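# Examination of the molecular architecture
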Amino acid sequence: MTSLDKPTEGTDQNPSEDARAVTEAALFDAFGGVRGMVETVVPGLLFVAIFTVDKNLHVSAIAALVVALVLVVVRLAMKDTVKHAFSGVFGVAFGVAFAMFTGNAKNFYLPGMLYTLGLALAYIVTALAGVPLMGLILGPVFKENLSWRTRNPGRKKAYTKASWAWGLILLAKCAILFPLYWWSDTTKLGWVLVALKIPPFLLAVWLTWVFLAKAPTPIDVFAEMEAEEKAEKERQAALAAEGGEATGGRHRRGA
């Protein structure tokens, strides 16, 4: 099993290969892996498929929301992490609310499109500010928190490159979707959006993997804190032992 603190002794992997494996594990954990991608695509796919057939906004919206809830229930039943499924439910719920309130089926997609645009800008702005969003997302996963900002410039550079990649890819996606939102019909917009769900995501994840696999090893701040706590306990125990010996010596001299 691959983990972020996986020992390398006794394996055939060299440090570079192990770093790549650790990076893959971290990215799968952060972005949900194959299952997370499926949970992201299915509700929107169901919506556009049903709407393409009968043009019924209510049936399409309710079906999408129900399947999103089912995915969460399945996660809960399997005692698996539900963060990706829950994010999907909230996205679908907002889309359903927008579409139902306005009576415009295209508005089912508008909250997700606005979220994508906001996320793209967040990646770019934080990269420009020297606090790349990708580092804030993956730092805790790699157990390095914010140590990359001041103690590991190579990783800060990799996180900055990755944030630029995500920002530009998502902006390109928005550049395709928003004109379709204004000028195309609901069915065409829906199918294009479904088609653009996974490929840009995979490209961004792959570029992140490339940048981070070549970056320096993350500094495990949790291990450092544990080591400091252990050393402090040992110092306290040593001081207590010295104090006990000194007290015992005084008692013996007094006797």
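These notes cover the structure that comes with them. (Residues numbered from 1 in each chain as written. Predicted model: local features only at pLDDT ≥ 70, side-chain atom pairs only at ≥ 80, totals over all residues. Heavy atoms only, no water.)

## Describing the side chain of S184
For S184, the location among the structural elements is in the loop between α8 (153-183) and α9 (186-195). Judged by relative accessible area, S184 falls into the buried class, the value being 12%. Residue contacts for S184: discarding those within four places in its chain leaves K106, P179 and L189. (Helix = DSSP H or I, 4+ residues; strand = E, 2+ residues; numbered from the N terminus. Buried < 20%, exposed > 50% of the residue type's maximum accessible area, 1.4 Å probe, protein only. Contact = heavy atoms within 4.5 Å.)

## Looking at the packing of aromatic side chains
If you walk through the whole model with that rule in mind, you get eight aromatic pairs. When the centroid spacing of 6.1 Å and the interplanar angle of 5° are considered together, the rings of F47 and F51 count as stacked. Here F47 and its partner F51 are both found in helix α2 (residues 33-54), four residues apart, which amounts to about one turn of the helix. On the accessibility criterion, F47 (0% relative accessible area) is buried. Each ring, one from W148 and one from Y159, has its centre 5.3 Å from the other, and the planes form 65°; the classification is edge-to-face. Separated by eleven residues along the polypeptide, W148 in helix α7 (residues 147-150) and Y159 in helix α8 bring together distant segments of the chain. For Y159, a relative accessible area of 0% translates into the label buried. Each member of the aromatic cluster is reached from another via a ring pair, and the members are F47, F51, F108 and Y109. (Phe/Tyr/Trp six-rings, centres within 6.5 Å; stacked < 30°, edge-to-face > 60°.)

## Quick notes on the pattern of salt bridges
Applying the stated criterion across every chain, the model contains one salt bridge. Linking E144 and R155 is a salt bridge whose minimum nitrogen-to-oxygen distance equals 3.0 Å. Of this pair, E144 sits in the loop between α6 (133-138) and α7 while R155 sits in helix α8, and the two are eleven residues apart along the sequence. (Salt bridge = Lys/Arg side-chain N within 4 Å of Asp/Glu carboxyl O.)

## Details of a nonpolar patch on the surface
Together, I62, V66, V70, V74 and M78 give the surface a local cluster of nonpolar side chains, amounting to about 430 Å² of exposed area. Its location among the elements puts M78 in the loop between α3 (57-77) and α4 (83-102). (Patch = residues over 30% accessible without salt bridge, like charges linked within 9 Å, V, L, I, M, F, W, Y side chains within 5 Å. Areas by Shrake-Rupley, 256 points an atom, 1.4 Å probe, with all protein chains shown as cover.)

## Remarks on helix α5 (residues 110-128)
If you check α5, its first and last C-alpha atoms are 27 Å apart, about what 19 residues at 1.5 Å a residue would give, namely 27 Å. When α5 is considered as a whole, its buried residues turn out to be L110, P111, M113, T116, A120, Y123, I124, T126 and A127. G130 sits one or two residues past α5 and shows a positive phi near 85°. (Expected span 1.5 Å × (residues − 1).)

## Some remarks on unusual backbone geometry
Phi angles above zero are rare outside glycine, and K55 is one such case at about 55°. Relative to the elements of secondary structure, K55 occurs in the loop between α2 and α3.

## Some details on the nonpolar core
Formed by 27 residues in total, the largest nonpolar core has its most connected members in F47, F108, Y109 and M113. For this core, the elements supplying multiple residues, two or more each, are α2, α3, α4, α5, α8 and α9. Among residues more than four places away in sequence, those in contact with Y109 are G44, F47, V48, T186, L189, G190 and L193. (Core = buried A, V, L, I, M, F, W, Y, C linked by side-chain atoms within 4.5 Å.)

## Remarks on the packing of α8 against helix α10 (residues 199-213)
Contact geometry of α8 with α10 gives a least axis separation of 9 Å together with a crossing angle of 165°. It follows that α8 is roughly antiparallel to α10 by the angle criterion. When you trace α8 past α10, the crossing you get is right-handed. Contacts from R155, A158, Y159, K161, A162, A165, W166 and I169 of α8 reach α10 at P200, F201, L203, A204, V205, L207, T208, F211 and L212. Its residues assigned to classes, the contact of α8 with α10 comprises 14 nonpolar, one polar and two charged. (Axes fitted to C-alpha atoms, helices over the stretch in contact; angles between N-to-C directions. Parallel < 35°, antiparallel > 145°, perpendicular 65-115°, else oblique. Left-handed = near helix turned anticlockwise from the far one by under 90°. Nonpolar A, V, L, I, M, F, W, Y, C, P; charged D, E, K, R; others polar.)

## Focus: the side chain of S147
With respect to the secondary-structure elements, S147 resides in helix α7. Judged by relative accessible area, S147 falls into the buried class, the value being 7%. From its side chain, S147 meets the backbone oxygen of E144 in a polar contact 2.8 Å long. In contact with S147, other than residues within four places in its own chain, are N152, I219 and V221. (Polar contact = N/O pair within 3.5 Å; in protein donor to acceptor, adjacent residues only side chain to side chain.)

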